[in-house]
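# Descriptive structure summary
What follows is each chain in one-letter form.
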Amino acid sequence: MLKRTLKVNGVEKFIICDNDDTLASVLREKLGLLSVKIGCGTGQCGSCSVIIDGKLKRTCALKMKRVEDFTEILTTEGIGTPTKLHPIQLAWIAHGGAQCGFCTPGFVVSTYALLIANPKPTREDIREWFQKHRNACRCTGYKPLVDAVQDAAAVMRGDMSEDELMFKMPEDQRIWGSKYPRPTAVAKVTGTLEYGADLGLNMPEGSLKCALVQAEVSHANVISIDTSEAEAMEGVEKVVTYKDIKGKNRITGLITFPTNKGDGWDRPILADEKIFQYGDAIAIVCATSEKIAKAAAKKVKVELEQLPEYMDAPSAMAEDAIEIHPGTPNVYFEQKIVKGEDTAPIMDKADVVLEGSYYVQRQPHMPIEPDVGFAFIDDDGKLNIHSKSIGLHLHAAMIAPGLGVELENLIMVQNYAGGTFGYKFSPTMEALVGAACLATGKPVFLNYTWEQQQQYTGKRSPFFTDIRLAASKDGELLGMETDWICDHGPYSEFGDLLTLRGAQFIGAGYKLENIRGLGKTVCTNHAWGSAFRGYGAPESEFGYEVMMDELAEKIGMDPFDLREKNVYRESQGDTTPTGCKPEVYCLEDIFTAGRPKYEEMKKWAAEDAAEGFKRGVGIAVGIYGSGLDGPDTAESAIELNKDGSVTLFNCWHDHGQGADIGCLGTAHETLRPLGLKPEQIHLVMNDTRNCPNGGPAGGSRSQVVIGNAIIAACRNLMDAMRKADNSYMSYDEMVAAGKELRYEGKWSAPATDCDENGQGSPFACYMYGLFMSGVEVEIATGKVQVEKMKLVADIGKINNKLAVDGQMYGGLAQGVGLALTEDYEDIKKHSTMVGAGFPYIKQIPDDIELVYVETERPDGPHGASGVGELPLTTPHASVINAIYNACGARVTHLPARPEKVLAAMKG
Ligand code: MCN
Ligand code: FES
Ligand code: FES
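As recorded in an unreviewed UniProt entry, the protein chain goes by Aldehyde oxidase and xanthine dehydrogenase molybdopterin binding and comes from Maridesulfovibrio salexigens. According to UniProt, the comment filed for the protein chain under the heading Sequence similarities (unreviewed entry) is "Belongs to the xanthine dehydrogenase family."

### Describing the sheet that holds strand β12 (residues 281–287)
In space, the seven strands of this open sheet follow the order β8-β12-β6-β19-β16-β17-β18, with mixed pairing throughout. Each end of this open sheet is capped by a strand with a single partner; those strands are β8 (236–240) and β18 (410–414). Neighbour to neighbour, the strand axes of the sheet diverge by 20° on average, direction disregarded. Where strand β6 (residues 208–214) meets strand β19 (residues 444–447), two bridges bridge the pair, whose relative direction is parallel.

### Concerning the sheet that holds strand β25 (residues 646–650)
Taken in spatial order, the four strands make up an open sheet running β26-β25-β24-β27, and their pairing is mixed. The open sheet terminates on both sides in strands that have one partner only, identified here as β26 (681–685) and β27 (742–748). When strand polarity is set aside, the average angle formed by the axes of neighbouring strands in this sheet is 20°. Here helix α19 (residues 659–670) sits on the sheet and contacts β25 and β26; the angle it forms with β26, its principal contact strand, is near 135°.

### With respect to a negative patch on the surface
Where like charges cluster on the molecular surface, the negative patch consists of D53, E68, D69 and E72. Of note, D69 is situated in the loop between β4 (55–58) and β5 (72–74). Judged by its relative accessible area of 39%, D69 falls in the partly exposed class.

### Remarks on the pattern of salt bridges
One pass over the full model with this rule turns up 54 salt bridges. For K238, the salt bridge goes to D244, with nearest N and O atoms at 3.2 Å. Take D244: its relative accessible area is 21%, and that puts it in the partly exposed class. Across the pair E430 and K424 runs a salt bridge, and its minimum N-O distance is 2.5 Å. A relative accessible area of 0% means that E430 is categorised as buried. For K424, a relative accessible area of 0% corresponds to the buried category. Several salt bridges share partner residues, and in doing so they unite R123, K143, D147 and D846 into one network.

### Some details on helix α22 (residues 801–820)
Between the first and last C-alpha of α22 there are 29 Å, a value that for 20 residues agrees with the 28 Å anticipated at 1.5 Å per step. For α22, the N-terminal cap is N800; the gap from its side-chain oxygen to the backbone nitrogen of L802 is 3.2 Å.

### Digging into unusual backbone geometry
Note the cis peptide between L894 and P895, where omega equals 0°. By the element assignment, P895 lies in the loop between α23 (875–887) and α24 (898–906). Here the phi dihedral of F70 falls at roughly 65°; this positive angle occurs in a residue that is not glycine. The phi angle at Q173 is positive, at roughly 65°, despite the residue not being glycine. As for its placement among the helices and strands, Q173 is situated in the loop between α5 (143–157) and α6 (185–189).

About the cut-offs
Residues numbered from 1 in each chain as written. Chains lettered and ligands numbered in written order. Predicted model: local features only at pLDDT ≥ 70, side-chain atom pairs only at ≥ 80, totals over all residues. Heavy atoms only, no water. UniProt positions renumbered as here; feature names shortened; annotations may be inferred. Pairing = 2+ DSSP bridges. Helix = DSSP H or I, 4+ residues; strand = E, 2+ residues; numbered from the N terminus. Axes fitted to C-alpha atoms, helices over the stretch in contact; angles between N-to-C directions. Contact = heavy atoms within 4.5 Å. Patch = residues over 30% accessible without salt bridge, like charges linked within 9 Å, V, L, I, M, F, W, Y side chains within 5 Å. Areas by Shrake-Rupley, 256 points an atom, 1.4 Å probe, with all protein chains shown as cover. Salt bridge = Lys/Arg side-chain N within 4 Å of Asp/Glu carboxyl O. Lys, Arg positive; Asp, Glu negative; His and termini not counted. Charge placed at Lys NZ, Arg CZ, Asp CG, Glu CD. Buried < 20%, exposed > 50% of the residue type's maximum accessible area, 1.4 Å probe, protein only. Expected span 1.5 Å × (residues − 1). Polar contact = N/O pair within 3.5 Å; in protein donor to acceptor, adjacent residues only side chain to side chain.

This is the structure we're talking about:
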């Protein structure tokens, strides 16, 4: 034990703690300074940064025994508050610097320290600073943060007024299409927004902390689990195993594809018969403290019989491979694509036939906030589960039978989430905290370490894709043959749908009338496949976007011209790979807007790079659907309040993308006839008790599908309020007239599911983009630096410019990571941020330009399509094409680490 007096944010605080407590935990747990966030917990992300005696420090690994008496500490709480924002915080809001906001307090203190040391930093100074102090952000692509620092510095120097940073209401009082800040922005920049780990500190006395016993092999039979020693430890309430689970102990993937050879009940909540992947949960220790729970977890003895581990699709497909789920073949789903004429004769006759094999890797999502959640039983006897879920109603249905709970007795709530990027499309710990709560009857809390986040949440499923493309010598695409294999890990949920994406998106964007192909979903023992931003698009579109460049070279055409020649044209009635007409034909306009940008990029590349470096430019077309397949549906509700304001009820789950501003912007635009101010529209979100089913926040669907449901609900309310003279009743008039005050709205996409040949009209709206990357390659090492990116995008009408720009920057940054560094293949090496190739600021270009072509979508709410996943459809392909353009190294197997580029250069 030690005692310390610390001067925190100007106030003396006396504390007694353990020698080995970290400063981060003392600041959070003893002093309630929740702006200090714990992300990686190992000094790699900067989210726990504070200023100690004038110096910026990370506190997650700083032991209290190394913190001296009377140390002065400044946290974000001491810099500005919600009622008195500091210019750094104002600038962060103005530039949309807080998306999920989890990294934000760390950046705010870091910026404060920088601006004290250097009041007029250049952009490069700022980038150096954040790099050196390891301030990591997964959402924003960093550029808006550098913009914010520059403005904050200007205000602090007196070169700019605070007023210039404030949002100004346009004369027409519309916030649709504007940079109106998201409602959660103030709480995010002041570090006062409470995420799961913060809420965990508010749990009642007697709550239990959980720790997992996890598999350290990837494939085994479970022989026995001995919990006796752990259970005898003081402070341990219970060690929960599969025997304590009353239901089927399975998470169901809700399989809807009749041709799937599995039944979808393949993922245990707690391991019973088998271990299917590294990290599988075997038991949950519930104890009075996390420390005790973790110590006891080490005492649980698990006897296993190891089985052969199939760590990729080819090994699981080998003749002698055993079935990972006995009774279900490892190749458990197949999806054909049959469009137009037979391709074999076309291949025989074509002037040019290209063949290639491509691989997109097991990309880890790497949110800064690791997975976290809790559960309790309320006074009505209902099980309440709070987590980062981005699909509350979906997840309730997936876990209820496994837990043995009736759906009506399960309430699911989303905590504010520090980024998910799709991994939370799958349930992770929901069923674990549910099981622990039911088994102990007490409130329980579970927070993964960042290492557990890597090892026991889903990853992007790798795709192995073979393509044959036939073309005429003047660049007309005649036919395509494709085979794609999706390594989906051991759990089948959403694997069939992902495989269907190959049929829908390989070749998307171009007139391709004749396609034949087959996709296969394969069960392996590596990390389970979950949705990852783009879900199938970066996997499906990579190969053919690289092949388009190969074709351009072969026939001596510029890659831009070749693509422009082949994009969908209305005049030709061109169709998508699924044989339907796209909802708008906007690609020609995108190319028209993109040509001068491309010329600029080529000019830059033609200029001399530094000695030993070569420059190149690459492009790629990216397309994705906004919605889940077929008649995707959402519901919304709105209520008129006594003071004339309204409350909107929605499950528009927030990863960090801006569900709050999505709801607000859409409702405000629809309710304009009522003349409501934005602050008169209150949001109640993401709680199955009182918010209707909006569907999961995947497939960039929410703006389109929930947006339309919001419009429907708002219109229903306005219809009820409308008087004969077209004015609107007040609350009192509505009550006097005996009218309902709450109205529901529902919308279903006018779309059809694809058939067995991959043909149909699965999405009502699509997003389109033309990606351009400019790279410099160091010839001696093969190291690639992306210097410039441009994206010409058509996502329909824009609801919120800050949100949309933010989506684009963040997605592009993840594309750079996908192209060059990110992976989760080597379980040991890739379990830390640095090891997994997390892109810090210097890896991401500061020179990013966004251009919008806003073609109004006929079925989009106020003309909008989605945006979230567009920027991660093909940025990686543009980077790979740029590398080839620079130095002749064609990398087809991602990520393009230096050694691979070097080998390709030599090859
Ligand atoms: N938007 C807009 N105008 C449009 C389209 C969208 O202003 N024409 C806004 C929306 O109001 C919303 C945002 O852009 O604030 C994204 O909208 P949309 O494309 O409908 O996507 P969803 O809201 O359904 O969000 C999900 C999508 C997906 S699938 C992943 S994965 C993802 C993503 O968005 N994960 C993210 N963006 C992310 N951003 C952050 N910061 N963190 C994640 O984990
Ligand atoms: Fe401390 Fe990541 S650096 S939590
Ligand atoms: Fe930076 Fe989400 S805003 S990690």
